[in-house]
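Letter by letter, the chains look like this.
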Amino acid sequence: MSEAKKVVFIGWHPDAIDFSKIPNLTAEKLIAQLEKDRQQLNELGYDAEILFIDSPQTAYDTVADAMKQTPYDCVLIGAGVRLPEPHFLVFEKVVNAVHEYAPQAKICFNTSPMDTAESVQRWV
């Protein structure tokens, strides 16, 4: 039996999110959905983890440290990191940390927490 593919999805820690700008989403709902995504991926045979970033200043180092510690097969960068324009430079930092410290990993993107598994399955 082959070893499970290592997958990590990167997103903002719920304490770093202004939920007043995201209708119908709370920290509790986000955490529940991310855990559901992680569990679904694990049930599909992946070894999935969640990596939270908590500030623009520490995002690069947080991701770089994780990439140095674990040889991931796939890195999913969440929509919350990529899409709101104020986070554009954080997205750039995250992509560069993955590129530098996990060049073997496929990079994928979801459109919301609800399509994480499909996003990963496109690549690994």
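Since the model is a prediction, treat every value here as computed from it, not as a measurement.

K.L.:
Any details on the overall build of the protein chain? Residues and values, ideally.
P.N.:
When helices and strands are tallied, the protein chain shows five helices and four strands. The N-to-C order of helical and strand elements in the protein chain reads β-α-β-α-β-α-α-β-α. Against the globule reference of 14 Å for 124 residues, the protein chain gives a C-alpha radius of gyration of 14 Å, in line with a compact fold. Expressed along its principal axes, the backbone C-alpha trace of the protein chain runs to roughly 45 × 30 × 20 Å. A buried classification covers 40% of the 124 residues belonging to the protein chain. For the protein chain, restricting intrachain contacts to residue pairs at least 6 apart in sequence, the fraction spanning at least 24 positions comes to 74%. Averaging the coordinates of the 11 positive side-chain charges in the protein chain and doing the same for the 18 negative ones gives two points 4 Å apart.

K.L.:
Let's hear about helix H4 (residues 88-101): which residues, and what values?
P.N.:
Taking 1.5 Å per residue, 14 residues should reach 20 Å; H4 reaches 20 Å between its end C-alpha atoms and fits that length. By the burial criterion, the buried members of H4 are Val90, Phe91, Val94, Ala97 and Val98. Axial view of H4: buried residues confined to an arc of 130 degrees, hence all on one face. The exposed residues of H4 that point more than 90 degrees off its buried face are Leu89 and His99. The inward-facing, buried residues of H4 contact strand E1 (6-12), strand E2 (47-53), helix H2 (59-69), strand E3 (74-77), helix H3 (79-82) and strand E4 (106-109).

K.L.:
Give me the pairing of E2: which residues, what numbers.
P.N.:
In this sheet, E2 lies alongside E1 in parallel orientation, the contact comprising seven bridges. Within the sheet, the bridge partner assigned to isoleucine 10 lies in E2 and is leucine 51. On the question of chirality, the crossover connecting E1 to the parallel E2 by way of helix H1 (residues 27-43) is right-handed.

K.L.:
Just give me the short version of the side chain of lysine 6, but keep the residues and values in it.
P.N.:
In this fold, lysine 6 is placed in strand E1. For lysine 6, a relative accessible area of 16% puts it in the buried group. Sequence-distant contacts of lysine 6, that is, excluding residues within four places in its chain, are made with Asp47, Glu49, Thr70, Pro71, Tyr72, Asp73 and Cys74.

K.L.:
Talk me through the sheet that holds E4; I want residue IDs and the actual numbers.
P.N.:
Strand order in the open sheet formed by four strands is E2-E1-E3-E4, and the pairing between neighbours is parallel. Sheet topology places E2 and E4 at the edges, where each strand pairs with a single neighbour. Across the sheet, the axes of successive neighbouring strands diverge by a mean angle of 25 degrees, strand direction being ignored. Its contacts with the sheet place H1 against E1 and E2, and it is angled at close to 155 degrees to E2. Against the sheet, H2 engages E1, E2 and E3, with an angle of about 155 degrees to E2.

K.L.:
Can you explain the packing of H2 against H4? Please cite residues and give values.
P.N.:
Relative orientation of the contacting elements H2 and H4 amounts to 25 degrees, with a least axis distance of 8 Å. Of the possible angle classes, the one that applies to H2 and H4 is roughly parallel. Considering the relative orientation of H2 and H4, their crossing is right-handed. Together, Ala59, Tyr60, Val63, Ala64, Met67 and Lys68 of H2 and Val90, Lys93, Val94, Asn96, Ala97, Val98, Glu100 and Tyr101 of H4 make up the contact between the two elements.

Conventions used here
Residues numbered from 1 in each chain as written. Predicted model: local features only at pLDDT ≥ 70, side-chain atom pairs only at ≥ 80, totals over all residues. Heavy atoms only, no water. Helix = DSSP H or I, 4+ residues; strand = E, 2+ residues; numbered from the N terminus. Rg over C-alpha atoms; globule rule 2.2 N^0.38 Å. Buried < 20%, exposed > 50% of the residue type's maximum accessible area, 1.4 Å probe, protein only. Contact = heavy atoms within 4.5 Å. Lys, Arg positive; Asp, Glu negative; His and termini not counted. Charge placed at Lys NZ, Arg CZ, Asp CG, Glu CD. Expected span 1.5 Å × (residues − 1). Arc of directions from axis to C-beta. Pairing = 2+ DSSP bridges. Right-handed = clockwise from strand over helix to strand, strands pointing away. Axes fitted to C-alpha atoms, helices over the stretch in contact; angles between N-to-C directions. Parallel < 35°, antiparallel > 145°, perpendicular 65-115°, else oblique. Left-handed = near helix turned anticlockwise from the far one by under 90°.

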